Amino acid sequence: MPKSIFCILFLCPIISISQNYSAQEFRLTPAPSENDTAWRTLDWSKFEFKVKMANTQLLIERFEDDEDSCGLRYGNGTLVGYDHGEFGGRLEFVPDDTAKENLLIKFHINVKAIFRYNNSICFLEGLSHMGLLRGGLYELDTTNNAFNIIPLLDFKDAPDAYTIYHNDIYIATSSGFCIVHNGSLKWVCKKAFWDGLYPNSVAVQDEENVFIGIRSGYVNLNTKKKKLRFYKYVGSN
């Protein structure tokens, strides 16, 4: 049965878009229920869009995902996380000295992103497969040059994209959206229509207006009113 949509559609002026795509190539469209005909049309789309901010202007680009890894420089090497979906990934340290072997930190863990946050190294891990949704935020403790993983938050959902704004972590999950503030988890919506439409990027204009790039278009989410606008791609290329 279609999932209910926690977020509610509302109308307001369209924000100007530049870069690869213009505002005229997207149309404000009612958000569909998951797995109905309109949703399946979005899912079958060959277009995915990435959002980002340049000052207060929203920029939209074509999203091409051919990477299954992410990395962060650390000491004399790089922390590298891999995401192989249901086949499992890993987190390892790759030294700059190619004569040295890579150090496996954790196996069978799907690393979505690695980043520095509050003077710590953190990473997002998660899996979305065959109805299974899980994921969380972790800290990588590097005391005494050792690597110890410390669980911080359990999303019970799979994080797909994130950004940091005013020291808060804004996260688009496979089926919702949440904000990490002062170590606490705040859900804006848990059952959004984009479940299955692969959120790939998050851009924050201000504390109320957040944008999420997905397959077939993008979403403008008001985090205070917990309402969304969906802009469907209607261009030709």
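Our subject is the structure listed above.
How each quantity is defined
- Residues numbered from 1 in each chain as written.
- Predicted model: local features only at pLDDT ≥ 70, side-chain atom pairs only at ≥ 80, totals over all residues.
- Heavy atoms only, no water.
- Helix = DSSP H or I, 4+ residues; strand = E, 2+ residues; numbered from the N terminus.
- Polar contact = N/O pair within 3.5 Å; in protein donor to acceptor, adjacent residues only side chain to side chain.
- Contact = heavy atoms within 4.5 Å.
- Pairing = 2+ DSSP bridges.
- Axes fitted to C-alpha atoms, helices over the stretch in contact; angles between N-to-C directions.
- Salt bridge = Lys/Arg side-chain N within 4 Å of Asp/Glu carboxyl O.
- Buried < 20%, exposed > 50% of the residue type's maximum accessible area, 1.4 Å probe, protein only.
- Core = buried A, V, L, I, M, F, W, Y, C linked by side-chain atoms within 4.5 Å.
- Phe/Tyr/Trp six-rings, centres within 6.5 Å; stacked < 30°, edge-to-face > 60°.
- Lys NZ or Arg CZ within 6 Å of the ring centre and 35° of its normal.

J.: Can you help me understand the side chain of Thr173 in this one?
T.: Mapped onto the elements, Thr173 comes out in strand S15 (residues 168-173). A polar contact is formed between the side chain of Thr173 and the backbone nitrogen of Gly176, at a distance of 2.8 Å. If we skip the residues at most four places from it in the chain, Thr173 touches Asp157, Ala158, Pro159, Asp160, Cys178, Trp187, Trp194 and Pro199.

J.: Can you walk me through the sheet that holds S15 in this structure?
T.: Two modes of strand pairing occur in sheets, parallel and antiparallel, and in both the strands are linked by backbone hydrogen bonds. Read from one edge of the open sheet, four strands run S14-S15-S16-S17, paired in antiparallel fashion. Only two strands of the sheet have a single partner each, and these edge strands are strand S14 (159-165) and strand S17 (184-189). The sheet shows a mean angle of 25° between the axes of neighbouring strands, taken without regard to direction. The pairing of strand S16 (residues 177-181) with S17 spans five bridges and is antiparallel. Counted as the bridge partner of His181 is Ser184 from S17.

J.: Please clarify how the pattern of salt bridges should be interpreted in this entry.
T.: Note that side chains of opposite charge can pair when their charged atoms are close. For the structure shown, the criterion picks out nine salt bridges. The residue Asp43 makes a salt bridge to Arg215 at a minimum N-O spacing of 3.3 Å. Of this pair, Asp43 sits in helix H1 (residues 37-43) while Arg215 sits in the loop between strand S19 (209-214) and strand S20 (217-222); the two residues are 172 residues apart in sequence, bridging distant segments of the chain. The exposure class of Arg215 is buried, given its relative accessible area of 16%.

J.: Before we go on, may I ask you to explain unusual backbone geometry in this structure?
T.: A negative phi angle is the norm for most residues apart from glycine, just as the trans form is the norm for most peptide bonds. Even without being a glycine, Asn167 presents a positive backbone phi close to 70°. Turning to its location among the elements, Asn167 is positioned in the loop between S14 and S15. At Asn182, a residue that is not glycine, the phi angle is positive and equals roughly 50°. Tracing the backbone through its elements, the reader meets Asn182 in the loop between S16 and S17. Taking the relative accessible area as the measure of exposure, Asn182 reaches 65% and is therefore exposed.

J.: Honestly, the nonpolar core in this entry has me stumped. Any pointers?
T.: In this structure, Phe177, Phe193, Trp194 and Ile212 are the most contacted members of the largest nonpolar core, which totals 23 residues. With three residues, S19 is the largest single contributor of residues to this core. When near neighbours in sequence (up to four residues on either side) are disregarded, Trp194 contacts Thr173, Ser174, Ser175, Gly176, Phe177, Cys189, Pro199, Ile212, Ile214, Val219 and Leu228.

J.: What am I meant to see in the pairing of strand S7 (residues 77-82) here?
T.: Extensive coverage of S7 is indicated by the burial of five of its six residues. As paired strands, strand S6 (residues 69-74) and S7 are joined by six bridges and run antiparallel to one another. Bridged to Gly71 within S7 is Val80. Linkage of S6 to S7, two consecutive antiparallel strands, is achieved through a turn of two residues, within which Gly75 is found at a positive phi near 55°.

J.: Before we go on, may I ask you to explain the packing of aromatic side chains in this structure?
T.: What characterises a pair of aromatic rings is the spacing of the ring centres plus the angle enclosed by the ring planes. The final tally for this structure, using the stated rule, is 20 aromatic pairs. Taken together, a centroid distance of 5.7 Å and an interplanar angle of 90° make the contact between Tyr21 and Tyr233 edge-to-face. Here Tyr233 lies in strand S21 (residues 227-233) and Tyr21 lies in the loop between strand S2 (17-19) and strand S3 (26-29), a separation of 212 residues in the sequence. In this structure an aromatic cluster arises from ring pairing among Tyr21, Phe26, Phe47, Phe49, Phe211, Tyr218, Tyr231 and Tyr233. We note Arg90 situated over the ring of Tyr82; from NZ or CZ to the ring centre the distance is 3.9 Å.

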